[in-house]
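Fold and geometry: a report
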Amino acid sequence: MVGPYQPRLSEYPKSGPEKHLRRFQSSWFDSFPSWLEYSPIKDVAFCLPCYLFNTPSAHPKCNAYTVNGFNVWRKVKDGKNCAFFNHVGKDPNSTHKKAEKSCEDLMRQSQHLPHVFNRYSSQEIENNRLRLKTTVEAIRYLAFQGCSFRGHDESKKSLNRGIFLQLLKAFVSNNEKIAKVILDKAPKYASYISPNIQKEILHVFSMKVKKAIREEIGDAKFCLIVDESRDESKKEQMAVVLRFVDKDGFVREPFFRLVHVSNTSAVTLKDGIYSLLSHNNLNIQNIRGQGYDGASNMRGEWNGLQALILKDCPYAYYIHCLAHRLQLALVAVSHEIVHIHHFFIKLTSVVNIVGASCKRNEELKHAQAADIEYMISINELESGRGLNQIGTLQRPRDTWWSSHFRSVSNLIKMFSATCSVLLNIIEDGTNAFQRGDVDATYEAMTTFEFVFILHLMKEIMAITDILCQALQSKSQDILHVMHLVSSTKALMQKFRDDGWITLLNQVKSFCKARNIDIPKMNAHYVARQGRARRQEDNFTVAEHYRVNLFYAFIDCQLQELSSRFNEHAVLLLILSSAFNPHECRESFRIGGVCQLADKFYPANFTDVDKMNLKIQLEHYEYIVVQHPEFKSLSIISDLSQWLVRTRKATIFPIVYRIIVLVLTLPVSTATTERSFSLCVY
């Protein structure tokens, strides 16, 4: 404590009206030595006791000597009528006199008892640090686990004060030092557990994470992956994920920020993205890819978000989320073929009826257990640890195609148990309306057509599910996904050519074991038209199931996959495939790589780089492609990691630069969609 700051300058700056410029006078320090302070930076005067002990007021005049400072020099005159003298006041019990006395007492105590004062401060600082450290660790743990902080009742009388306070109580019960300084033992002015403190610490974590991501990106090129959704408070939120390749060659997709936007128009989203990037010193011209869903405000060719960003950054190529493409392809088929559409309506009805109450779920589990026990007794099922688990039916959802696969697979496993539950409801239903609905559902479920489509869906979805899961995983490269699309279509075609007889026999065996009527396959097929029936000449039941269902569904599926995943329609993907390790081993297309750099990324390569690129590619083919370890690489992301690990990225810097640009292209928006459920508010 050294008293007020009173710098004596040779000349103070002038201020005020142009005709009456005035300045601070150093002689005023002599008139008011105990309290007057001056700030050379702000050119204002302060009162030290008031600054230390007075509470700031909402009225601006009351904060002249504490917050804002005083600089109306024309009111400072010699004598007792000056502003400084009026501020001090004549009353010894005035606020200023009390504050000045407290300030003098504090300075005097610190001068006379320095050791006691310092020792007390050191202990208090240590307690504060331990208290704050405990709070930070609790918040770090809850944030990492994605847990909520607040409780319904956080009062001291509550048995459960919320996860945050209960976690602090757990720390207290296991650490004596923490127990002495936190919660009830903490001073009211420094408890560090209020909601505002929690938010401030979370904000610090957020800033540090974003700073780490920003430093990791550096000057590298990156891709924007954006999705928007409405939260519980009816506010539109935009999740932003940045995709880039790190210094070790790994593809990274960290969640960067959740931005509140007033609406979901393309212009608003663009402004929010640009503001976020500029605030974190990320250059817009470094964007080399955009990944969004298929909404019109995102993918519009003229006024969509991707078009607006392309105007400012012509190399930020837009890739329609491949996961959404697959969803659209599969859902389109399920709605286009009438029999398949009706099947999913019936399937949803079965799941809704059986899962309508806890009682029915319990009945389903008991029936399933009895069915498994019977099947094991007749050697139809193998017994063992982890086999024959009892499960439940899952409702299919259009926006999550994997749920259809699980719903179909579970119903096949629990078909007999589900029928038992439906029969119990028909017999014990509370009213005729309920019994009638369940009876209609049971009749539809126990038909040969329903069972046939059920097994057909399982076989097709088993093929497409691998692609679904791959599109939902992180850090996929686009060429690997395109190869999965190709393999999916090839397996579908093989199933179409060779799978009919096997599927038909499987369905017949299933129906026979459950006493479901099997139609005569050689009989003439009678089609329904409304309530009437129409017999088609020279068209048997077998041909109906093979042509109208089996072939029609697979052909429509293949057509949708080909139209929505046509790699030949995108030249960028064709040229990028030159780096795929499998294709490199067969034929390394040097011309395609040169065209990729020249046509799609001209801003990333100078004329000298383009001249040296061909030479580097020739050496790359001899040194890298023919390397023994190159055979173990399967996808481009494996290649980039191997190049960094073996330091060949420094030998072929231009080639590695192109590989990084290819890996920056997005595959899906799954990461942004996950971020909505992981954010802590």
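Definitions and cut-offs
- Residue numbers here run from 1 along each chain, matching the order of that chain's written sequence.
- Predicted model: local features are reported for residues with pLDDT of at least 70 only, side-chain atom pairs are reported and counted for 80 or more only, and whole-chain, interface and lining totals are derived from all residues.
- Hydrogen atoms and water are omitted, and side-chain values are computed over all heavy atoms in the structure.
- Strands are runs of DSSP state E lasting at least 2 residues, helices are runs of H or I lasting at least 4, and numbering of each runs from the N terminus.
- Any two residues whose heavy atoms approach within 4.5 Å at even a single point are treated as in contact.
- Using a 1.4 Å probe, the Shrake-Rupley method yields the accessible areas, and only the shown protein chains count as cover for residues.
- Note on aromatic pairs: the rings of Phe, Tyr and Trp (six-membered ring only in Trp) are paired at centre separations within 6.5 Å, and the planes decide the class, stacked below 30 degrees, edge-to-face beyond 60, tilted for the rest.
- Summary of the burial criterion: residues with accessible area below 20% of their type's maximum are buried, those above 50% are exposed, and those between are partly exposed, where the area comes from a 1.4 Å probe applied to protein chains only.
- We count a salt bridge whenever a side-chain nitrogen from Lys or Arg sits within 4 Å of a carboxyl oxygen from Asp or Glu.
- Nonpolar cores are built from buried Ala, Val, Leu, Ile, Met, Phe, Trp, Tyr and Cys residues. Side-chain atoms within 4.5 Å join them into one set.
- Scored between 0 and 100, pLDDT is the confidence that the predictor attaches to each residue.
- Here a strand pair is declared whenever DSSP counts at least two bridges between the two strands.
- For helices, the axis comes from a line fit to the C-alpha atoms of the stretch in contact; other axes are also lines fit to C-alpha atoms, and the angle between any two N-to-C directions lies between 0 and 180 degrees.
- When an angle is under 35 degrees it counts as roughly parallel; over 145 it counts as roughly antiparallel; between 65 and 115 it counts as roughly perpendicular; any other value is oblique.
- In the scheme used here, Gly and all other residues not listed as nonpolar or charged are polar, with Ala, Val, Leu, Ile, Met, Phe, Trp, Tyr, Cys and Pro taken as nonpolar and Asp, Glu, Lys and Arg as charged.
- Nitrogen and oxygen atoms within 3.5 Å of one another constitute a polar contact, given that in protein one can donate a hydrogen and the other can accept it, and given that sequence-neighbouring residues count only through two side-chain atoms.
- The length a helix should cover is 1.5 Å for every residue beyond the first.
- Here a crossing is called left-handed whenever its near helix is offset anticlockwise from the far helix by less than a right angle, and right-handed whenever the offset is clockwise.

A word on the overall build of the chain
Each helix and strand in the chain was counted, giving 29 helices and 12 strands. Here the analysis covers contacts within the chain between residues at least 6 apart in sequence; of these, 65% occur between residues at least 24 apart. Counting every atom, the chain has about 37600 Å² of accessible surface; 52% of that belongs to carbon and sulfur.

What to know about the packing of aromatic side chains
Two numbers describe a pair of aromatic rings. These are the distance of the centres and the angle of the planes. A complete count under the given rule lists 26 aromatic pairs for this structure. Measuring from centroid to centroid gives 4.5 Å for phenylalanine 24 and tyrosine 38, while their planes differ by 25°, and the two rings are stacked. Of this pair, phenylalanine 24 sits in the loop between strand 2 (22-23) and helix 1 (27-31) while tyrosine 38 is found in strand 3 (residues 36-39), placing the two residues 14 residues apart along the sequence. You can call phenylalanine 24 buried: its relative accessible area is 0%. Classification of tyrosine 38 by relative accessible area gives buried; the value is 2%. These aromatic residues form a ring-pair network of at least three members: Tyr12, Phe24, Trp28, Phe29, Tyr38, Phe70 and Trp73.

Details of the environment of proline 4
Structurally, proline 4 is set in the segment before strand 1 (14-15). Remark: the alpha-carbon pair of proline 4 and tyrosine 38, spanning 34 residues in sequence, is separated by 8.5 Å. Beyond its immediate sequence surroundings of up to four residues, proline 4 is in contact with Pro33, Ser34, Trp35, Leu36, Glu37 and Leu48.

A short note on the pattern of salt bridges
Tallied over the entire structure, the rule returns 10 salt bridges. Arginine 23 serves as the salt-bridge partner of glutamate 11, at 3.8 Å between the closest nitrogen and oxygen. Taken together, the residues span a long stretch of sequence, with glutamate 11 in the segment before strand 1 and arginine 23 in strand 2 at a distance of 12 residues. In this structure, glutamate 253 engages arginine 243 in a salt bridge whose closest nitrogen and oxygen atoms are separated by 2.6 Å. Taken as a pair, glutamate 253 in the loop between strand 7 (251-252) and strand 8 (255-261) and arginine 243 in strand 6 (residues 236-245) lie far apart in primary sequence, 10 residues in all. This pair shows no difference in class: glutamate 253 is buried, exactly as arginine 243 is.

A word on the nonpolar core
Formed by 59 residues in total, the largest nonpolar core has its most connected members in Phe343, Phe415, Phe452, Leu456 and Met457. With 11 residues, helix 18 (residues 448-472) is the single largest residue contributor to this core. Residues within four places of leucine 456 in sequence aside, it is in contact with Phe495, Leu503, Leu549, Phe550 and Phe553. By size, the runner-up hydrophobic cluster in this structure holds 40 residues, among which are Leu643, Ile654, Val655 and Ile659.

Some details on the environment of serine 34
Considering the arrangement of structural elements, one finds serine 34 in the loop between helix 1 and strand 3. Taking the relative accessible area as the measure of exposure, serine 34 reaches 27% and is therefore partly exposed. For the pair formed by serine 34 and glycine 3, sequence separation is 31 residues and the distance between their alpha carbons is 7.2 Å.

Focus: the side chain of arginine 131
As for its placement among the helices and strands, arginine 131 is situated in helix 5 (residues 114-145). For arginine 131, a relative accessible area of 2% corresponds to the buried category. Those residues in contact with arginine 131 that lie beyond four places of it in its chain are Val181, Ile182, Ala186, Pro187, Ala190, Ser191 and Tyr192.

A few points about the confidence of the model for the chain
This prediction gives the chain a mean pLDDT of 78; 75% of its residues lie at or above 70. Residue range residues 109-120 is modelled with pLDDT below 50. Its contacts to residues more than four positions away, or to other chains, number four contacts. Low confidence marks residues 675-681, where pLDDT is under 50. Its contacts with residues over four positions away, or in another chain, come to 16 contacts.

Focus on the pairing of strand 6
Counting buried positions over the 10 residues of strand 6 gives 10, a clear majority of the element. The alternating pattern of strand 6 places Glu236, Met238, Val240, Leu242 and Phe244 and Gln237, Ala239, Val241, Arg243 and Val245 on opposite faces, both of which are buried. Relative to strand 6, strand 5 (residues 222-230) runs antiparallel, the two being bridged by eight bridges. For leucine 224, the partnering residue across the bridge sits in strand 6 and is leucine 242.

Focus on the packing of helix 25 (residues 607-625) against helix 28 (residues 653-664)
Between helix 25 and helix 28, the shortest axis-to-axis distance is 8 Å and the interhelical angle comes to 95°. Judged on the interaxial angle alone, helix 28 and helix 25 are roughly perpendicular. Here Asp609, Asn612, Leu613, Gln616, Leu617 and Tyr620 of helix 25 come into contact with helix 28, specifically with Pro653, Ile654, Val655, Arg657, Ile658 and Ile659. Here the contact of helix 25 with helix 28 is composed, by residue class, of eight nonpolar, two polar and two charged.

Describing the side chain of glutamine 237
Tracing the backbone through its elements, the reader meets glutamine 237 in strand 6. There is a polar contact of 3.5 Å between the side chain of glutamine 237 and the backbone nitrogen of histidine 260.

Brief notes about helix 28
With 12 residues, helix 28 extends 16 Å between its outermost C-alpha atoms, agreeing within 8% with the 16 Å of an ideal straight helix rising 1.5 Å per residue. The element helix 28 is extensively covered by neighbouring structure, given that 10 of its 12 residues are classed as buried. Within helix 28, the full set of buried residues consists of Ile654, Val655, Tyr656, Ile658, Ile659, Val660, Leu661, Val662, Leu663 and Thr664.

Structural notes on the packing of helix 13 (residues 338-354) against helix 17 (residues 432-445)
Taken N-terminus to C-terminus, the directions of helix 13 and helix 17 make an angle of 130°; their axes are 10 Å apart at the nearest point. The orientation of helix 13 relative to helix 17 falls into the category oblique. Two packed elements cross with a definite hand, and for helix 13 against helix 17 that hand is left-handed. Residues Lys346, Ser349, Val350 and Ile353 of helix 13 form the contact with helix 17, whose participating residues are Val438, Thr441, Ala444 and Met445. Split into classes, the residues belonging to the contact of helix 13 with helix 17 amount to five nonpolar, two polar and one charged.

Structural notes on the environment of isoleucine 654
For isoleucine 654, the location among the structural elements is in helix 28. Taking relative accessible area as the criterion, isoleucine 654 reaches 4% and is therefore assigned buried. Excluding residues within four positions of it along the chain, isoleucine 654 makes contact with Phe605, Asp609, Asn612, Leu613 and Gln616.

Examining unusual backbone geometry
For aspartate 43, which is not glycine, the phi dihedral falls at a positive 55°. Inspection of the secondary structure puts aspartate 43 in the loop between strand 3 and strand 4 (44-47). In this structure, leucine 183 is a non-glycine residue whose phi angle is positive, near 60°. Among the structural elements, leucine 183 can be located in the loop between helix 7 (176-179) and helix 8 (195-217).

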